[in-house]
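# Summary of structural features
Listed here are the chains, written in short residue letters.
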Amino acid sequence: MTTSAGADDAESPRPAGRIAAFFDLDKTIIAKSSTLAFSKPFFDQGLINRRAVLKSSYAQFLFLLSGADHDQMERMRAHIAAMSAGWDVEQIRSIVAETLHDIVDPLVFAEATELIADHKLRGHDVVVVSASGEEIVAPIAEVLGADISTATRMEVVDGRYNGTVEFYCYGEGKVEAMKELAVARNYDLAQCFAYSDSMTDLPMLHAVGHPTAVNPDRALRKEAATQGWPILTFSNPVSLRARIQAPSGTAVAASAAVGFGAVIAGAVTYGLLRRKG
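Residues numbered from 1 in each chain as written. Predicted model: local features only at pLDDT ≥ 70, side-chain atom pairs only at ≥ 80, totals over all residues. Heavy atoms only, no water.

### A look at unusual backbone geometry
- Located in the positive-phi region is lysine 27, a residue other than glycine, with phi close to 65°.
- By the element assignment, lysine 27 lies in the loop between strand E1 (20-23) and helix H2 (35-44).
- With a relative accessible area of 13%, lysine 27 lands in the buried category.
- With a phi angle near 60°, asparagine 186 is a residue other than glycine that sits in the positive phi range.
- By secondary structure assignment, the location of asparagine 186 is in the loop between helix H8 (172-185) and strand E6 (193-196). (Helix = DSSP H or I, 4+ residues; strand = E, 2+ residues; numbered from the N terminus. Buried < 20%, exposed > 50% of the residue type's maximum accessible area, 1.4 Å probe, protein only.)

Here it is, written out as structure tokens:
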């Protein structure tokens with residue numbers, strides 16, 4: 001019986017793997033960071049200082065102009081850890097809840113939402129993979145209809161951020177997260193899709209069978225042309241708020257989380273320019 005069952009198993013076709021579309025977030029789905037929109041209320045509450053606000057404005061301009069390279073991303077990680085240490089999670093949520101109605105919501109590319117919808121119609125899972133904090137990534141992914149997201153995680157002890165990055169979802173870290181999801185959700189990476197704007201996401205793009213460069217920086221555009229990868233240009237940002245039919249309790253909570261991710265980003269952009277300050 002054992003031999004017969006083994007033979008039957010050997011002859012049975014292995015179930016086909018599922019297909020996922022992995023999306024980077026900044027400049028791939030989102031046209032720009034919500035950093036500047038949330039800088040004022042957090043400045044008013046003393047979480048960031050005036051110099052950080054000004055530096056963040058300039059850093060945001062540089063980021064939108066040319067993106068961030070590996071060294072800048074590493075400085076981001078270090079600065080996130082240092083800047084957020086000791087912040088009270090509930091205080092952050094309270095500030096965001098009180099100021100959210102005055103804040104311009106994040107913008108997403110209409111082309112990105114259409115592409116996400118197309119993958120969903122084709123039966124593909126949609127996964128947002130980002131180096132940004134999970135506080136900003138998860139709620140945006142949910143609103144966009146993504147099936148799951150993976151992002152950078154900060155450690156929380158007794159309700160406060162302790163200044164330690166638990167998982168940095170960047171570079172090879174993104175590939176690590178993708179492979180873990182592939183095992184857990186039976187994704188066939190050779191049949192999967194990936195979209196990103198940055199050369200720092202080259203490992204992510206190489207990890208799938210169907211990579212695409214979206215609004216690529218100069219280095220990624222050159223690499224995409226060499227590899228023969230498709231290149232897409234997204235240029236029509238639309239309000240993410242307009243995508244929400246009714247502000248349910250879940251949506252409001254998600255928006256608050258988005259706000260915290262934004263202030264983390266504000267702290268980070270300041271760090272990019274510390275060497276120039």
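### Topic: the packing of aromatic side chains
- Under the criterion given, the structure shown has four aromatic pairs.
- Arranged with centres 5.3 Å apart and planes meeting at 35°, the rings of tyrosine 168 and tyrosine 170 form a pair that is tilted. The two residues tyrosine 168 and tyrosine 170 agree in class, both being buried. (Phe/Tyr/Trp six-rings, centres within 6.5 Å; stacked < 30°, edge-to-face > 60°.)

### Section: the sheet that holds E6
- Ordered by their spatial adjacency, seven strands build an open sheet running E5-E4-E3-E1-E6-E7-E8, and the pairing between neighbours is mixed. Every interior strand has two partners, whereas the edge strands, strand E5 (160-167) and strand E8 (231-232), have only one.
- Note that strand E7 (residues 210-214) and E8 share two bridges and pair parallel. Bridge assignment links alanine 213 to a residue of E8, and that residue is isoleucine 231.
- Along the sheet, helix H6 (residues 110-121) makes contact with E1, strand E3 (125-133), E6 and E8, crossing E1 at roughly 160°. (Pairing = 2+ DSSP bridges. Contact = heavy atoms within 4.5 Å. Axes fitted to C-alpha atoms, helices over the stretch in contact; angles between N-to-C directions.)

### Examining the nonpolar core
- Formed by 23 residues in total, the largest nonpolar core has its most connected members in Phe23, Leu25, Ile29, Val128 and Tyr195.
- Listed by contribution, the elements that provide at least two residues to this core are E1, strand E2 (107-109), H6, E3, helix H7 (134-144) and E6.
- It is H7 that contributes the most residues to this core, four residues altogether.
- In contact with isoleucine 29, not counting residues within four places along its chain, are Phe23, Asp24, Leu107, Val108, Phe109, Ala112, Ile116, Val128 and Leu144.
- Ranked by size, the runner-up nonpolar core spans 22 residues in total, among them Val127, Phe167, Leu205 and Trp229. (Core = buried A, V, L, I, M, F, W, Y, C linked by side-chain atoms within 4.5 Å.)

### Quick look at H8
- For H8, built from 14 residues, the straight-helix expectation of 20 Å at 1.5 Å per residue is met to within 8% by its first-to-last C-alpha distance of 20 Å.
- What H8 keeps buried is the set Gly173, Lys174, Val175, Ala177, Met178, Leu181 and Ala182.
- Lining the buried residues of H8 we find E1, E3, strand E4 (148-157), E5 and helix H9 (202-206). (Expected span 1.5 Å × (residues − 1).)

### Some thoughts on H6
- The end-to-end C-alpha separation of H6 is 17 Å, in line with the 16 Å expected for twelve residues at 1.5 Å each.
- Looking at H6, one finds that the buried residues are Ala110, Ala112, Thr113, Leu115, Ile116 and His119.
- Downstream of H6 by one or two residues, glycine 123 has phi in the positive range, about 85°.

### Focus on the confidence of the model for the protein
- With 58% of its residues at a pLDDT of at least 70, the protein reaches an overall mean of 73.
- Here residues 244-277 scores under 50 on pLDDT; set against residues more than four positions off or in separate chains, the count is 69 contacts. (pLDDT = per-residue confidence, 0-100.)

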